[in-house]
Amino acid sequence: MNPAQAYILSKPEPWRTMLIELQAIIKSTVPEVEETYKWNLPFYMLDGKMFCFLNFRKSFIDVGFPRGVQITVHKEALVGGEKRINLRSLRYKGLKDIDFEILIDVLLNVAHRAVTNM
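In short, a report on the structure. This one's a predicted model, so the numbers in the text were calculated from it and none came from an experiment.

**So, unusual backbone geometry**
In step 1: Of note, the bond from Glu13 into Pro14 is cis; its omega dihedral lies within 30 degrees of zero at 5°.
In step 2: Considering the arrangement of structural elements, one finds Pro14 in the loop between helix H1 (3–9) and helix H2 (15–29).
In step 3: Non-glycine residue Asn40 carries a positive phi angle of around 65°.
In step 4: Within the secondary structure, Asn40 sits in the loop between strand S1 (34–38) and strand S2 (41–46).
In step 5: The phi dihedral of His74 is positive, around 50°, even though this residue is not glycine.
In step 6: Along the chain, the position of His74 falls in the loop between strand S4 (60–65) and strand S5 (79–81).
In step 7: Take His74: its relative accessible area is 21%, and that puts it in the partly exposed class.

Structure follows, in structure tokens:
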């Protein structure tokens, strides 16, 4: 088992189920991503560049985008701030909070920007 998968499976429910669902959406929406394990988190790379990561905190899960400041869709759904200069994330406190349409749109936007900025 790879470290990213071990991270996901080590989390308590309902977080484990949420992480598995988010992992599946990331991989199916952008099949070219490479799942790695960086900074003790499941990290996804696209063409050798940072794409996104999954981060479980005690009361929520972030799908983080290291270059999230460049995202041009659904900005109102993104969490960012003073301490997060470039980083933006989609934050989920429960499975019902995941808006799959927004998540997929953001993933595709980040993937498109990664491909066109080469």
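Having put the structure on the table, let's press on.
**Some points on the packing of aromatic side chains**
In step 1: If you walk through the whole model with that rule in mind, you get four aromatic pairs.
In step 2: Centroid distance Trp15 to Phe56: 5.4 Å. Interplanar angle 50°. Geometry classified as tilted. With Trp15 in helix H2 and Phe56 in strand S3 (residues 49–57), this pair connects stretches of sequence that are 41 residues apart.
In step 3: Its relative accessible area of 12% is what places Trp15 among the buried residues.
In step 4: Members of the aromatic cluster, each reached through a chain of ring pairs, are Trp39, Phe43 and Phe53.
In step 5: The ring of Tyr7 carries Lys11 above its face, with NZ or CZ at 4.2 Å from the centroid.
In step 6: Directly above the ring of Trp39 sits Lys38, whose terminal nitrogen or CZ lies 5.6 Å from the centroid.

**Observations regarding the pattern of salt bridges**
In step 1: Inspection of every chain in the model, using the stated rule, returns four salt bridges.
In step 2: For Arg16, the salt bridge goes to Glu13, with nearest N and O atoms at 3.2 Å.
In step 3: With relative accessibility at 26%, the residue Arg16 sits in the partly exposed group.
In step 4: Since its relative accessible area comes to 42%, Glu13 is described here as partly exposed.
In step 5: Close ionic contact of Glu35 with Lys27 constitutes a salt bridge, the shortest N to O distance being 3.3 Å.

Calculation rules
Residues numbered from 1 in each chain as written. Predicted model: local features only at pLDDT ≥ 70, side-chain atom pairs only at ≥ 80, totals over all residues. Heavy atoms only, no water. Helix = DSSP H or I, 4+ residues; strand = E, 2+ residues; numbered from the N terminus. Buried < 20%, exposed > 50% of the residue type's maximum accessible area, 1.4 Å probe, protein only. Phe/Tyr/Trp six-rings, centres within 6.5 Å; stacked < 30°, edge-to-face > 60°. Lys NZ or Arg CZ within 6 Å of the ring centre and 35° of its normal. Salt bridge = Lys/Arg side-chain N within 4 Å of Asp/Glu carboxyl O.

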